[in-house]
Amino acid sequence: TEIEALRERRKIPEHIRRLLLANAFCHNCGTTEFAPGYTLRMRHGCVLIEGCCAKCGAEVARLCD
Ligand SMILES: [Zn+2]
């Protein structure tokens, strides 16, 4: 749910979040940033970010532990 997603998001330290958001990989642009509106999830102890490329709008996802 939305509430659970927000709660999970707060568990991720700010500096790690910034690092992840600035290191997305887009198949069109290579290394890019996430556009606003991304979602963060915890999955099997890893952080999964799903969102869109800030440059071209393609879907990008990043999994990081
Ligand atoms: Zn792109």
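Now for a look at the structure at hand.

Reading the values: the criteria
- Residues numbered from 1 in each chain as written.
- Predicted model: local features only at pLDDT ≥ 70, side-chain atom pairs only at ≥ 80, totals over all residues.
- Heavy atoms only, no water.
- Donors = N, O, S within 2.8 Å, 3.2 Å for Na, K, Ca; no water.
- Tetrahedral: all angles 85-135°; square planar, octahedral: opposite > 155°, others 65-115°.
- Helix = DSSP H or I, 4+ residues; strand = E, 2+ residues; numbered from the N terminus.
- Buried < 20%, exposed > 50% of the residue type's maximum accessible area, 1.4 Å probe, protein only.
- Contact = heavy atoms within 4.5 Å.
- Salt bridge = Lys/Arg side-chain N within 4 Å of Asp/Glu carboxyl O.
- Pairing = 2+ DSSP bridges.

**Describing the coordination of the zinc ion**
Then, number 1: The coordination sphere of the zinc ion contains the protein donors Cys26 (SG), Cys29 (SG), Cys53 (SG) and Cys56 (SG), at a distance range of 2.3 to 2.4 Å.
Then, number 2: In this structure, the zinc ion is surrounded by four donor atoms whose angles at the metal cover 104 to 113 degrees, and the resulting shape is tetrahedral.
Then, number 3: In the primary sequence, the donor residues of the zinc ion line up as C-x2-C-x23-C-x2-C. With Cys26 in strand S1 (residues 24-26) and Cys56 in the loop between strand S4 (46-52) and strand S5 (59-64), the pair connects residues that are 30 residues apart, well separated along the chain.
Then, number 4: Overall, the relative accessible area of 0% leaves Cys26 in the buried class.
Then, number 5: The exposure class assigned to Cys56 is partly exposed, which follows from its relative accessible area of 40%.

**As for the environment of Asn28**
Then, number 1: As for its placement among the helices and strands, Asn28 is situated in the loop between S1 and strand S2 (30-32).
Then, number 2: Given the relative accessible area of 52%, Asn28 is considered exposed.
Then, number 3: Along the primary structure Asn28 and Cys56 are separated by 28 residues, whereas in three dimensions their C-alpha atoms are 7.6 Å apart.
Then, number 4: The residues contacting Asn28, other than those within four sequence positions of it, are Cys56 and Ala58.

**Overview of the pattern of salt bridges**
Then, number 1: Applying the stated criterion across every chain yields a total of two salt bridges.
Then, number 2: The closest approach of N and O atoms between Arg18 and Glu14, which form a salt bridge, is 3.5 Å. Placement of the pair is Arg18 and Glu14 together in helix H2 (residues 14-21), with a separation of four residues, close to one helical turn.
Then, number 3: Arg41 serves as the salt-bridge partner of Glu50, at 3.1 Å between the closest nitrogen and oxygen.
Then, number 4: Note on Arg41: relative accessible area 36%, which makes it partly exposed.

**Considerations on the pairing of S4**
Then, number 1: Burial analysis of S4 places five of its seven residues in the buried class, which makes it a mostly covered element.
Then, number 2: Two elements, strand S3 (residues 39-43) and S4, share five bridges in a ladder whose sense is antiparallel. Across the sheet, residue Arg41 finds its bridge partner in S4, namely Leu48.
Then, number 3: Linkage of S3 to S4, two consecutive antiparallel strands, is achieved through a turn of two residues, within which His44 is found at a positive phi near 55 degrees.

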